[in-house]
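# Coordinate analysis (summary)
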Amino acid sequence: MTTLSNALRVLSLMSPGSPRLRVSEVARSLDLPKSSVSRLFKELTEGGFLEREEDRGFRVGPELFRLGVLYRMRLPAEVRVDEELQKLVHRHGATAYVGVLSGSDLVVLRRHEGSSPVRFIQEPGSTIPAYATAVGKALLARLSNKDLTALPRRLTCEGREVDMMREELLRELETVRRQGYAEFDDRLLGVGALGVAIQVAPGRDLGFALCFTRDSLVDAERHAIACELRDVARSIGVLCDDPFWTISSIRS
């Protein structure tokens, strides 16, 4: 039990700020003999909990990663989505939205504001025609074309640059299904957005998107962000057993 306790003490020293361990530092921190710490490191490495680096340091091993994945699977999908969106918001400065469908409307559930000085704000709790947003299009793409015949034949949205026929939207949704993400550009508002969707439970879809100023990204940057967002949707969708993402052959 003492060995187990000391091994847990060793692992507890690891953190984002200290991702690597050294025998001498651990011995000093835990007030243990270097020989004892060396034996602990050897056992933890053999068990896959640590990996040795060339400079004699040690880092997290594959067994800890496996256990971490199991822990994350316990978290609700919404928590995982928010965690990943916060990373993307921090990295790209865009504003992120999370929403669900209510009929043919998008209901905004949450917003993560980015650092860009110019932002388009959609308040949580507000509704808007789903076809007038990237996240809404991603969610509509999860429906069958038969379900989408309930949409008006002509699709417009006051205050947004949206004016198209239903058949045009259906063609666009086919593209969304093939590429795994939806796009929305509005010259009137000066914003662009990229959206994806996952099935968090049977019959319950959740969409999320990044919104940015239209002129802030070149096409290559936009595509790279779309792939990041899609990868997030795939990773969470697989954990949720979402059929779209578990059998999807979509590639970057």
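First things first, this report covers the structure right here in the doc. Source: prediction; values computed, not measured.

Glancing now at the sheet that holds strand S8 (residues 182-186). Across the sheet, which stays open at both edges, the 6 strands sit in the order S5-S4-S3-S10-S9-S8 with antiparallel pairing between neighbours. Two strands lie at the open edges of the sheet, namely strand S5 (127-129) and S8, each paired on one side alone. The average undirected angle you get between the axes of adjacent strands in this sheet is 35 degrees. Bridging between S8 and strand S9 (residues 191-201) involves 5 bridges; their strand directions are antiparallel. Paired with Asp 185 across the bridge in S9 is Gly 192. Seen against the sheet, helix H5 (residues 77-92) touches strand S3 (95-102), strand S4 (105-112), S9 and strand S10 (204-213) and runs at an angle of roughly 10 degrees to S10.

Within the element layout of this structure, Gly 180 appears in the loop between helix H8 (166-179) and S8. Sequence spacing of Gly 180 and Asp 231 is 51 residues, and the spatial spacing of their C-alpha atoms is 9.3 Å.

Once that is clear, we can look at the packing of aromatic side chains. Tallied over the full model, the rule gives 2 aromatic pairs. Seen in terms of ring centroids, Phe 41 and Phe 58 are 4.5 Å apart; in terms of plane orientation they differ by 80 degrees. Their pairing is edge-to-face. Placement of the pair is Phe 41 in helix H3 (residues 34-46) and Phe 58 in strand S2 (residues 58-60), with a sequence separation of 17 residues. On the basis of relative accessible area, Phe 41 is assigned to the buried category, the value being 1%.

Further remarks concern the pairing of S9. In terms of residue burial, S9 counts as a mostly covered element, since 10 of its 11 residues are buried. The hairpin formed by S8 and S9 contains 4 residues between the paired strands, and Gly 190 there has a positive phi angle of roughly 75 degrees. Bridge analysis of S9 against S10 gives 10 bridges, and the strand direction is antiparallel. Within S10, the residue paired with Ala 193 across the bridge is Cys 211. Where S9 hands over to S10, the hairpin turn is made up of 2 residues, of which Gly 203 adopts a positive phi near 80 degrees.

The tally for this structure, following the rule as stated, stands at 2 cavities of 30 Å³ or more. Roughly 170 Å³ of internal volume is contained in the largest cavity. Taken together, 16 residues form the lining of the largest cavity, with Tyr 97, Thr 133, Arg 160, Ala 193 and Cys 211 sitting closest to its centre. Of all the secondary structure elements, the ones that give two or more residues to the lining of the largest cavity are S4, helix H6 (134-140), S9 and S10. Broken down by element, the residue count for the lining of the largest cavity peaks at 3 residues, all from S10. Residues that form the lining of the largest cavity fall into these classes: 13 nonpolar, 2 polar and 1 charged.

Here the focus is the pattern of salt bridges. In this structure the tally under the stated criterion is 20 salt bridges. For Asp 242, the salt bridge goes to Arg 142, with nearest N and O atoms at 2.7 Å. Of the two residues, Asp 242 sits in the loop between helix H9 (219-239) and helix H10 (243-246) while Arg 142 sits in the loop between H6 and helix H7 (145-148), which places them 100 residues apart along the sequence. On the accessibility criterion, Asp 242 (1% relative accessible area) is buried. Between Glu 174 and Arg 177 there is a salt bridge; the shortest N-O distance is 2.7 Å. With Glu 174 and Arg 177 both in helix H8, this residue pair falls 3 residues apart, about one helical turn. Judged by its relative accessible area of 33%, Glu 174 falls in the partly exposed class. In this structure, a network of salt bridges that share partners links the residues Arg 20, Glu 51, Glu 53 and Arg 59.

Rules and cut-offs
- Residues numbered from 1 in each chain as written.
- Predicted model: local features only at pLDDT ≥ 70, side-chain atom pairs only at ≥ 80, totals over all residues.
- Heavy atoms only, no water.
- Pairing = 2+ DSSP bridges.
- Helix = DSSP H or I, 4+ residues; strand = E, 2+ residues; numbered from the N terminus.
- Axes fitted to C-alpha atoms, helices over the stretch in contact; angles between N-to-C directions.
- Contact = heavy atoms within 4.5 Å.
- Phe/Tyr/Trp six-rings, centres within 6.5 Å; stacked < 30°, edge-to-face > 60°.
- Buried < 20%, exposed > 50% of the residue type's maximum accessible area, 1.4 Å probe, protein only.
- 1 Å grid on protein atoms, 1.4 Å probe; cavity = no way out; pocket = protein on both sides within 12 Å on 5 of 7 lines; lining within 4 Å.
- Points joined across faces, edges and corners; volume = space filled by probe spheres on them.
- Nonpolar A, V, L, I, M, F, W, Y, C, P; charged D, E, K, R; others polar.
- Salt bridge = Lys/Arg side-chain N within 4 Å of Asp/Glu carboxyl O.

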